[in-house]
Amino acid sequence: MNPFHYHRPKTLAEAQMLFRDAESPRFIAGGMTVLPSMKARLLDAENLIDLSKIEALQGIEARSGRLRIGASTTHATIANSAVVRQMLPALATLAGGIADRHVRNRGTLGGSLANNDPAADYPAAALALDAQIVTSERTIAAADFFTGLFETALTEAEIITAVDFSLPDRAAYTKHRHPASGYAIVGVFAARFGQHWQLTLTGSSAYGAIRLMAFEKQLVKGATPDGLDGVDIDDLPILEDPSFPIAYRRHLIKLMAKQAVAMTIDDVSI
Amino acid sequence: MSRIDLTINGQSKRFDVPGETLLVDLLRDQAGLTGTHIGCDTSQCGACVVRVDGATVKSCTILAMQCAGGRIETIEGIAKGKELHPVQAAFSENHALQCGYCTPGFVITAIDIIETNPQGLDAQTVREELHGNICRCTGYNNIVAAILDAAQRMGVPVQATGERS
Ligand SMILES: Cc1cc2nc3c(=O)[nH]c(=O)nc-3n(C[C@H](O)[C@H](O)[C@H](O)COP(=O)(O)OP(=O)(O)OC[C@H]3O[C@@H](n4cnc5c(N)ncnc54)[C@H](O)[C@@H]3O)c2cc1C
Ligand code: FES
Ligand code: FES
């Protein structure tokens, strides 16, 4: 890695001030994307500003029918949280299926959303659950937050402080993971609110996580999971990749969607 | 350069490190603890796994500075003198290593898997928990067997699953 200075601020204000005053600055949370990228020289920074000791970015809290999770909360903490497992078990399952136990001990919710990798898991949940992304400056609806591959609405020095999820009647996440990296080849998050569903796709879309509207429309008309078989998804913008051809991904999308929806109907486990 | 204090295998030590120093490089080059290995450049192999404040991490993907004030456990710290840790003994007796390059990471991971599952373990759970550790030699069956064997030696109940051997 190229040399850099490391800073560990204790408050949000201090972190932002450091960022604004430093040459070539970058925030680091878990470092599970920043450090591999810097080691591979895909990314460079002269000043790394560590967000992990800022108290305002921590904590899990249920309030007014929503679930708020601090940006610095690790995947492992979310997977094991009694509150998350009780109120939004699909999110705990999703977090427990990210990468491997060592990466889960470091990687954070905020880092994952800020990075917006098209194969990352959390963006699918954020979009399906109408999450509000709370930052140092404002609150951004998930639908406006993800703006393209590895792109978000975050501006310079803006820090995600928490993510506020709505609570559906039931939700489920199904994922076909890459056998080596663990990232999603196809991930589908299904959230049922009464008799309507919000279904999202990650891992295959050329634009990052997207809503699966064609499926949602069919479900609102009363379709069963198997009823999704006949839905035309040829319009979906799917990544071209020799290891996982489009036809294969389309097949997986239907399979994952059917399984996820079934889990939001049955009273079996999520 | 910044000065940091770390407690490595129970001993407090002070180091002067530049910001970009990875924990694995501090352990190997400054602390002289070369049991922690580097097996890849992509944060995928787990040869470098140690515990920081009681949680397993890939020491190739964490800055020494991020561990400031922390408690580090490496492979050098687990045996009691000449007496092997039960996980080390089980790895040896179950032929769970060949070249041994991946073994320090597997042993630290195995200890953590056993300690975080006091209610009991089965082969499927062990396999799931080993996703972040790659072995190019043994094919994993003996590693899983060794971990289950060690769990029993450490008083953790082992449940049978329909596991092929
Ligand atoms: C081997 C491996 C396998 C992986 N597998 C998966 C997987 O299966 N699924 C998956 O979803 N992910 C996977 N990941 C990625 C992992 O989930 C990371 O947690 C995630 O990429 C980034 O989170 P982080 O906290 O480590 O962020 P960092 O790497 O520290 O930061 C990532 C980016 O976000 C910015 N940032 C961080 N926090 C904030 C904040 N609060 N506000 C504003 N900007 C911020 C940083 O500046 C940086 O640009 C994997 C990673 C590795 C190394
Ligand atoms: S050396 Fe391969 S994961 Fe750390
Ligand atoms: S024993 Fe050789 S890599 Fe595992």
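The structure displayed is predicted, hence computed values, not measured ones.

With respect to the overall build of chain A
(1) Moving on: When helices and strands are counted, chain A shows eleven helices and 14 strands.
(2) Moving on: Compactness check: chain A gives a C-alpha radius of gyration of 19 Å against a globular reference of 18 Å for 270 residues, within 12% of the reference.
(3) Moving on: Considered along the principal axes of its C-alpha atoms, chain A spans approximately 55 × 45 × 30 Å.
(4) Moving on: Counting the 270 residues in chain A, one finds 53% classified as buried.
(5) Moving on: Put simply, of all contacts in chain A between residues at least 6 apart along the chain, 59% involve residues at least 24 apart.
(6) Moving on: For chain A, the exposed surface amounts to about 11,500 Å²; the carbon and sulfur share of it is 50%.

A few points about the packing of aromatic side chains
(1) Moving on: Using the criterion set out here, one finds five aromatic pairs over all chains in the structure.
(2) Moving on: Centre to centre, the rings of Phe244 of chain A and Tyr248 of chain A are 6.2 Å apart; their planes meet at 20°, and the pair counts as stacked.
(3) Moving on: Seen in terms of ring centroids, Phe106 of chain B and Tyr140 of chain B are 6.4 Å apart; in terms of plane orientation they differ by 55°. Their pairing is tilted. With Phe106 of chain B in helix α3 (residues 103-115) and Tyr140 of chain B in the loop between α4 (123-129) and α5 (141-153), this residue pair connects regions lying 34 residues apart in the sequence.

Focus: the site of ligand 1
(1) Moving on: By nearness alone, 32 residues border ligand 1, and Phe27, Ala29, Met32, Thr33 and Thr108 of chain A come closest of all.
(2) Moving on: Chain contributions to the surroundings of ligand 1 come from chains A and B.
(3) Moving on: One of the backbone nitrogen or oxygen atoms of Val34 of chain A is found 2.8 Å away from an oxygen atom of ligand 1.
(4) Moving on: Of all the secondary structure elements, the ones that give two or more residues to the shell around ligand 1 are β2 (25-28) and α7 (109-115) of chain A.
(5) Moving on: Here the shell around ligand 1 is built from residues that sort into 16 nonpolar, twelve polar and four charged.

Brief notes about the layout of surface pockets
(1) Moving on: Within this model, the second largest pocket holds a volume of roughly 790 Å³.
(2) Moving on: Looking at the second largest pocket, it is lined by 27 residues, and the ones nearest its centre are Ala79, Asn80, Gly96 and Arg104 of chain A together with Glu129 of chain B.
(3) Moving on: Looking at the lining of the second largest pocket, the elements with two or more residues in it are α3 (75-80), α5 (89-96), α6 (101-104) and β11 (170-177) of chain A together with β4 (55-58) and α4 of chain B.
(4) Moving on: Classifying every residue of the lining of the second largest pocket by side-chain character gives six nonpolar, 13 polar and eight charged.

Regarding the environment of Leu12 of chain A
All names here are of chain A.
(1) Moving on: Mapped onto the fold, Leu12 is located in helix α1 (residues 12-21).
(2) Moving on: Residues Leu12 and Ala56 lie 44 residues apart in sequence; the distance between their C-alpha atoms is 7.3 Å.
(3) Moving on: Residue contacts for Leu12: discarding those within four places in its chain leaves Ile54, Leu57, Ser136, Ile159 and Thr161.

Some remarks on the domain arrangement of chain A
All names here are of chain A.
(1) Moving on: Domain annotation of chain A identifies domain 1 (5-50), domain 2 (55-166) and domain 3 (170-265).
(2) Moving on: The C-alpha centroid of domain 2 is placed 19 Å from the C-alpha centroid of domain 1.
(3) Moving on: Each partner contributes to the interface: domain 1 provides eleven residues, whereas domain 2 provides 14 residues.
(4) Moving on: Between domain 1 and domain 2 lies a buried interface of about 970 Å² when both sides are counted; carbon and sulfur atoms form 68% of it.
(5) Moving on: Counting the surface domain 1 buries against domain 2, the share from its top three residues, Leu12, Gln16 and Met32, is 45%.
(6) Moving on: There are zero salt bridges connecting domain 1 and domain 2.
(7) Moving on: In this structure, the connection of domain 1 to domain 2 is made through three residue pairs in polar contact (both at pLDDT 80 or more).
(8) Moving on: Residue contributions to the side of domain 1 that touches domain 2 peak at five residues, all from α1.

Remarks on the nonpolar core
(1) Moving on: In this structure, Leu91, Leu113, Tyr122, Phe165 and Phe189 of chain A are the most contacted members of the largest nonpolar core, which totals 49 residues.
(2) Moving on: Per-element tally for this core: the top contributor is helix α8 (residues 122-128) of chain A, with six residues.
(3) Moving on: Among the nonpolar cores identified, the runner-up in size contains 31 residues, and Tyr6 of chain A together with Ile4, Val50 and Ile72 of chain B belong to it.

Side note on the interface of chain A and chain B
(1) Moving on: Listed as interface residues are 26 residues of chain A and, on the opposing side, 27 residues of chain B.
(2) Moving on: When chain A packs against chain B, close to 2,100 Å² is buried across both sides, 52% of that on carbon and sulfur atoms.
(3) Moving on: Looking at the side of chain A facing chain B, the largest losses of area belong to Lys39, Arg101 and His102 of chain A, adding up to 31% of the total buried there.
(4) Moving on: Counting across the chain A and chain B interface gives four salt bridges.
(5) Moving on: Residue Arg101 of chain A is joined to Glu129 of chain B by a salt bridge in which the shortest nitrogen-to-oxygen separation is 2.8 Å.
(6) Moving on: Summed over the shared surface of chain A and chain B, the result is 13 residue pairs in polar contact (both at pLDDT 80 or more).
(7) Moving on: Of all elements in the fold, only α2 (34-39), β3 (47-50) and α6 of chain A reach the threshold of two or more residues within the side of chain A that touches chain B.
(8) Moving on: Among the elements that line the side of chain A that touches chain B, the one with the most residues is α6 of chain A, at four residues.
(9) Moving on: Across the side of chain A that touches chain B, the residue classes tally to twelve nonpolar, six polar and eight charged.

A few points about helix α1 (residues 23-30) of chain B
All names here are of chain B.
(1) Moving on: Among the residues of α1, Leu23, Val24, Leu26 and Leu27 are the ones counted as buried. Along the axis of α1, the buried positions cluster into a sector of 165°, meaning they face one direction only.
(2) Moving on: Where α1 is buried, its residues meet β1 (2-8), β2 (11-17), β3 (49-52) and β5 (71-73).
(3) Moving on: In the segment just after α1, Gly32 is the residue with positive phi, at about 70°.

Describing the pattern of salt bridges
(1) Moving on: This structure, assessed with the given rule, holds 22 salt bridges over all chains.
(2) Moving on: A salt bridge links Asp121 of chain A to Lys175 of chain A, with the shortest nitrogen-to-oxygen separation between them at 2.9 Å. Remark: Lys175 of chain A occurs in strand β11 and Asp121 of chain A occurs in the loop between α7 and α8; sequence separation between them is 54 residues.
(3) Moving on: One continuous salt-bridge network, built from bridges that share partners, spans Arg101 of chain A together with Arg51, Arg71, Glu73, Asp112, Glu115 and Glu129 of chain B.

Here is what the cut-offs are and how they apply
- Residues numbered from 1 in each chain as written.
- Chains lettered and ligands numbered in written order.
- Predicted model: local features only at pLDDT ≥ 70, side-chain atom pairs only at ≥ 80, totals over all residues.
- Heavy atoms only, no water.
- Helix = DSSP H or I, 4+ residues; strand = E, 2+ residues; numbered from the N terminus.
- Rg over C-alpha atoms; globule rule 2.2 N^0.38 Å.
- Buried < 20%, exposed > 50% of the residue type's maximum accessible area, 1.4 Å probe, protein only.
- Contact = heavy atoms within 4.5 Å.
- Areas by Shrake-Rupley, 256 points an atom, 1.4 Å probe, with all protein chains shown as cover.
- Phe/Tyr/Trp six-rings, centres within 6.5 Å; stacked < 30°, edge-to-face > 60°.
- Near = heavy atom within 4 Å.
- Polar contact = N/O pair within 3.5 Å; in protein donor to acceptor, adjacent residues only side chain to side chain.
- Nonpolar A, V, L, I, M, F, W, Y, C, P; charged D, E, K, R; others polar.
- 1 Å grid on protein atoms, 1.4 Å probe; cavity = no way out; pocket = protein on both sides within 12 Å on 5 of 7 lines; lining within 4 Å.
- Points joined across faces, edges and corners; volume = space filled by probe spheres on them.
- Domains from an automatic or database assignment.
- Buried area = accessible area lost by both parts, 1.4 Å probe.
- Salt bridge = Lys/Arg side-chain N within 4 Å of Asp/Glu carboxyl O.
- Core = buried A, V, L, I, M, F, W, Y, C linked by side-chain atoms within 4.5 Å.
- Arc of directions from axis to C-beta.

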